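Next come the chains, spelled out residue by residue.
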Amino acid sequence: MATDVMIQANGLTKRFGVVRALDKVNFEVKRGEVVGFLGPNGAGKSTTMRILTCFISPSTGSATVNSHDVFDNPLEVRRSIGYLPQRAPLYTDMTVWEYLKFAAEIRGLDEASFKKRLKKVVEVCGLAQSLGKDISTLSHGYRQRVGLGQALIHDPPILILDEPTSDLDPNEKAEVLRYIKEIGKDRTILLSTHNLAEVEEACARAIIVSKGRVVADGPLDEIRGKTGRVRYVVTVDEQRAEAGNKPPAAAQAQEALQRLSGVKTVRELPTDEKAHKFELSGAQDSDIRAEIYRLAVAKGWTLLELRRDAQSLDAVFRDLTRGDEKLDRGANWTAADADDEEDTSNADEDEESDDDEDEEEEVDAKSKGKS
Amino acid sequence: MSPMLIIAKREFRSYFDSPIAYIVICLSFFALGLMFFLLNGGFWQLDRASIARLFESTPMGLSFLVVPVVTMRLLAEERRSGTLEMLITLPVKDSDVVVGKYLGALGLVLVLVLSTLAYPLVMFWKPWNLGPIDGGPVASGYLGMVLFSCAAVAVGLLISALTESQAVAFFITFFVLGALWLFGDLASKAGGTLAIVLNYVSFQSRLNNFWRGLIDSRDVIFFLSVTVLSLMVAFRALERRKWA
């Protein structure tokens with residue numbers, strides 16, 4: 001009996017020299033799931049995908065795709081998947097038709113089934129107008145479609161797509177996401193991106209990686225709740241006020257909001273209106289909208305907006321992966337909310353850069369040893 | 001068709017989809033004509049029904065220009081543009097990729113080599129018959145040239161597998177094949193053990209026997225060994241991506 005687990009990664013670790021690109025990554029993707037694989041640049045998304053497609057091998061750990069092991073049976077693994085690498089690298093000297101034909105031939109499709117699949121793929125990917133064109137003349141969006149087309153040509157049970165929407169304009173992005181949803185109805189899809197809106201659009205489940213580790217894995221709602229906070233947006237008019245009160249200054253309003261019980265942080269947001277806009281965070285499972293309203297009435301503020309939402313995936317993502325950013329940006333890193341952490345992070349950086357130098361020396365020594 | 005042959009076919013066709021095949025073939029024939037008829041007094045001075053000159057100049061041109069140009073992009077360009085990832089993640093073995101690309105490039109070089117058959121055919125058969133030509137050395141000369149092409153293209157592929165830059169691949173291939181050719185000339189100036197060593201590895205010295213109509217199994221095995229060895233190392237170089 002076929003198992004329901006289509007992709008399984010067991011303790012995948014990948015070292016490039018002294019850099020640890022992946023660190024004991026574990027996850028499973030089941031039949032019929034569309035999973036978003038999220039992370040900042042350099043978090044190890046592509047490395048994981050390359051391991052799953054047997055392009056590179058893990059340093060330790062193992063993975064199975066469609067019950068085939070990536071070490072023992074790479075050809076079977078590759079037969080089970082359609083893979084779109086980052087930036088859709090295609091042979092630019094071929095026409096779209098030639099390219100799809102080439103992929104189909106290598107995958108062993110006969111003429112009749114190629115024709116049948118081609119029709120379907122052309123329809124799903126919107127390639128009818130460009131079949132005869134040289135790939136070198138296509139825009140990036142169309143190349144991405146061709147890449148998607150070659151990944152679909154053999155009707156694979158599993159699709160692995162590495163940033164299928166990067167470099168696309170918003171229309172093309174929406175189109176590609178529509179295809180993915182369309183084809184994801186009866187396939188297993190692992191899709192990497194650093195754009196969270198896309199994940200919310202197309203996937204039910206996300207895996208967030210950072211610095212080569214899985215930091216969150218689960219349904220989107222569960223991940224949203226992960227930081228245990230709720231977000232409120234409050235907008236107050238800065239020119240008018242009710243009942244003869246003076247309109248509040250930004251600092252005053254912020255302070256008053258901060259003093260409400262249940263509020264953890266208050267941050268002023270930029271806005272185009274003549275108003276003060278704040279983002280508050282409160283504990284999960286609490287609702288302080290009534291308190292905020294009462295405060296506004298008591299102070300005589302003109303309340304223009306008050307809304308509560310579970311924390312956006314974006315914010316969760318930043319929360320979960322922010323530590324890396326700080327290290328990566330080096331000494332010049334000055335984000336607004338980092339003031340309190342600056343001293344410690346500087347100390348970290350000093351250490352870090354020392355380490356780097358040591359590592360470089362090591363590498364030098366090694367390469368000399370080799371030559 | 002096996003994946004290897006599909007890759008070979010694609011590779012061979014892609015030379016003709018770009019100007020490279022036409023430029024290489026046209027300029028090579030122009031250069032060959034110059035060398036054959038004009039250099040060192042040319043063919044007519046020799047006053048003999050022999051195309052030995054063809055066998056001397058063609059492999060030299062192949063070593064110094066044609067093979068480096070044809071092989072430089074084979075794996076270097078795929079690696080740089082990322083198409084290698086697309087190719088290898090299709091259900092193909094690494095060996096299919098290496099041998100397929102090798103056969104594609106070898107195909108183009110052999111088209112060039114076999115087109116030079118026009119010289120003996122046109123001059124000594126129809127429409128002109130300039131004299132009775134000795135068929136033996138012509139046949140063995142061509143056998144030598146084919147074997148030489150196999151080895152030279154394999155060396156070029158190996159070097160292309162080691163770098164991401166076409167320019168670097170071109171220059172190193174140019175240098176290595178050029179050196180392997182010129183070792184023959186050097187050997188005649190050097191003496192003793194050095195001359196033996198140089199003669200042993202030189203493509204030129206190895207080809208000498210073929211030009212004279214002598215098919216020595218040692219020479220055949222030499223060229224085949226260079227071919228197989230280079231392809232095996234290229235295969236390892238391609239496989240290295242998995243672990244590096």
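The structure we're discussing is the one just above.
Residues numbered from 1 in each chain as written. Chains lettered and ligands numbered in written order. Predicted model: local features only at pLDDT ≥ 70, side-chain atom pairs only at ≥ 80, totals over all residues. Heavy atoms only, no water.

Asker: Quick question: what am I supposed to make of the interface of chain A and chain B here?
Answerer: In many reports, interface size means the accessible area that the parts give up when they come together. Listed as interface residues are 29 residues of chain A and, on the opposing side, 26 residues of chain B. In total, chain A and chain B occlude about 2,600 Å² of area from one another, counting both sides; carbon and sulfur atoms represent 62% of this. It is A:Phe55, A:Tyr91 and A:Ile106 that lose the most area in chain A upon contact with chain B, and together they represent 27% of the buried surface on that side. At the boundary of chain A with chain B, the tally comes to four salt bridges. Applying the counting rule to chain A against chain B returns nine residue pairs in polar contact (both at pLDDT 80 or more). Elements that contribute at least two residues to the side of chain A that touches chain B include exactly β1 (5-16), α2 (74-80), β6 (81-84), α3 (96-106) and α5 (140-152) of chain A. When residues of the side of chain A that touches chain B are assigned to their parent elements, the largest contribution, five residues, is made by α3(A). The class makeup of the residues in the side of chain A that touches chain B is 17 nonpolar, four polar and eight charged. (Contact = heavy atoms within 4.5 Å. Buried area = accessible area lost by both parts, 1.4 Å probe. Salt bridge = Lys/Arg side-chain N within 4 Å of Asp/Glu carboxyl O. Polar contact = N/O pair within 3.5 Å; in protein donor to acceptor, adjacent residues only side chain to side chain. Helix = DSSP H or I, 4+ residues; strand = E, 2+ residues; numbered from the N terminus. Nonpolar A, V, L, I, M, F, W, Y, C, P; charged D, E, K, R; others polar.)

Asker: What should I look at first to understand the sheet that holds β6(A) in this one?
Answerer: Strand pairs in the sheet, formed through backbone hydrogen bonds, run parallel or antiparallel to each other. Residue and element names in this part refer to chain A. Spatially, β6-β7-β8-β3-β9-β10 is the arrangement adopted by the six strands of the open sheet, whose pairing is mixed. The open sheet has two edge strands with one neighbour each: β6 and β10 (213-219). Pairs of neighbouring strands in the sheet enclose a mean axial angle of 15°, with direction left out of account. For strand β7 (residues 158-162) and strand β8 (residues 188-193), the ladder comprises five bridges, and the chain directions are parallel. Bridged to Ile158 within β8 is Thr188. (Pairing = 2+ DSSP bridges. Axes fitted to C-alpha atoms, helices over the stretch in contact; angles between N-to-C directions.)

Asker: Even after reading the chapter, I still don't get unusual backbone geometry, so can you show me in this structure?
Answerer: Trans peptide bonds make up most of the peptide bonds, and negative phi angles are found at most residues other than glycine. With an omega of -5°, the peptide bond between B:Lys126 and B:Pro127 qualifies as cis. Mapped onto the elements of the fold, B:Pro127 is located in the loop between α8 (118-124) and α9 (135-162). Phi is positive for A:Glu163, close to 45°, though the residue is something other than glycine. Along the chain, A:Glu163 falls in the loop between β7 and α6 (170-183). Here A:Lys211, not a glycine, exhibits a phi torsion of approximately 50°, which is positive. For A:Lys211, the position within the fold is in the loop between β9 (205-210) and β10. Exposure remark for A:Lys211: the relative accessible area of 39% places this residue in the partly exposed category. (Buried < 20%, exposed > 50% of the residue type's maximum accessible area, 1.4 Å probe, protein only.)

Asker: Even after reading the chapter, I still don't get the side chain of A:Thr235, so can you show me in this structure?
Answerer: All names here are of chain A. Within the secondary structure, Thr235 sits in strand β11 (residues 229-241). A polar atom in the side chain of Thr235 sits 2.7 Å from the side chain of Glu305. Every residue in contact with Thr235, bar those within four places of it in the chain, is listed here: Glu273, Ala275, His276, Lys277, Thr302, Leu303, Leu304 and Glu305.

Asker: When you look at the pattern of salt bridges in this model, what are you seeing that I'm missing?
Answerer: Working definition: two side chains of opposite charge can pair if their charged atoms are close together. Across all of its chains, the model carries 35 salt bridges over all chains by this definition. The closest approach of N and O atoms between A:Arg213 and A:Asp23, which form a salt bridge, is 2.9 Å. Here A:Arg213 is found in strand β10, whereas its partner A:Asp23 is found in strand β2 (residues 19-30), with 190 residues between them in sequence. Of the charged contacts in the structure, one is a salt bridge between A:Glu28 and A:Lys30, with a shortest N-O distance of 3.8 Å. Classification of A:Lys30 by relative accessible area gives partly exposed; the value is 39%. One salt-bridge network, in which partners are shared between bridges, spans A:Asp93, B:Arg10, B:Glu11, B:Arg73, B:Glu78 and B:Lys101.

Asker: Before we go on, may I ask you to explain the sheet that holds β1(A) in this structure?
Answerer: Residue and element names in this part refer to chain A. Spatial strand order, β2-β1-β4-β5: four strands in an open sheet with antiparallel pairing. Of all strands in the sheet, those with a lone pairing partner are β2 and β5 (68-69), marking the two edges. Sheet topology places strand β4 (residues 60-65) next to β5; two bridges connect them, and they run antiparallel. If you follow Thr64 over to β5, its bridge partner there is Asp69.

Asker: Just to check I follow, could you spell out the packing of aromatic side chains for this structure?
Answerer: Note on aromatic pairs: each is described by the distance of the centres and the angle between the planes. Within this structure, the stated rule accounts for 24 aromatic pairs over all chains. Judged by centre distance (6.4 Å) and plane angle (55°), the rings of B:Trp181 and B:Trp211 are tilted. One end of the pair, B:Trp181, is in helix α10 (residues 166-189); the other, B:Trp211, is in helix α12 (residues 203-211), with 30 residues separating them in the sequence. Neither residue differs from the other here; B:Trp181 and B:Trp211 are each classed as buried. The residue whose ring lies beneath B:Arg206 is B:Tyr200, and the NZ or CZ to ring-centre distance is 4.5 Å. Lying over the aromatic face of A:Phe55, B:Arg241 brings its terminal NZ or CZ to 4.7 Å of the ring centre. (Phe/Tyr/Trp six-rings, centres within 6.5 Å; stacked < 30°, edge-to-face > 60°. Lys NZ or Arg CZ within 6 Å of the ring centre and 35° of its normal.)

Asker: Would you take a moment to explain the pairing of strand β3 (residues 34-38) of chain A for this structure?
Answerer: Residue and element names in this part refer to chain A. In terms of residue burial, β3 counts as a mostly covered element, since five of its five residues are buried. Judged by which residues are buried, β3 turns out to be covered on both faces: Val34, Gly36 and Leu38 on one side and Val35 and Phe37 on the other are all buried. Sheet topology places β3 next to β8; five bridges connect them, and they run parallel. When the bridges of β8 are listed, Val34 appears paired with Ile189. In the sheet, β3 pairs with β9 via four bridges, with the strands oriented parallel.

Asker: Please clarify how the packing of helix α2 (residues 20-37) of chain B against helix α7 (residues 94-115) of chain B should be interpreted in this entry.
Answerer: The geometry of a pair of packed helices is captured by two quantities: the angle between their axes and the separation between those axes. All names here are of chain B. At their nearest, the axes of α2 and α7 sit 11 Å apart, and the two run at 30° to each other. Viewed along their axes, α2 and α7 adopt a mutual orientation that is roughly parallel. Handedness of the crossing formed by α2 with α7: right-handed. Only Leu108, Val111, Leu112 and Ser115 of α7 make contact with α2, whose side of the interface consists of Ala21, Val24, Ile25, Ser28 and Phe29. Counted by class, the contact of α2 with α7 contains seven nonpolar, two polar and no charged residues. (Parallel < 35°, antiparallel > 145°, perpendicular 65-115°, else oblique. Left-handed = near helix turned anticlockwise from the far one by under 90°.)

Asker: Help me understand the nonpolar core in this model?
Answerer: For soluble globular proteins, nonpolar side chains are generally found buried alongside one another. Within the largest apolar cluster, 149 residues are counted, with the highest numbers of intra-cluster contacts made by A:Ile7, A:Phe27, A:Leu190, B:Phe203 and B:Phe223. When residues of this core are assigned to their parent elements, the largest contribution, 15 residues, is made by α9(B). Sequence-distant contacts of B:Phe223, defined by excluding residues within four places in its chain, comprise B:Leu147, B:Phe148, B:Ala151, B:Phe203, B:Arg206, B:Leu207 and B:Phe210. By size, the runner-up hydrophobic cluster in this structure holds 17 residues, among which are A:Val230, A:Ala253, A:Leu295 and A:Trp301. (Core = buried A, V, L, I, M, F, W, Y, C linked by side-chain atoms within 4.5 Å.)

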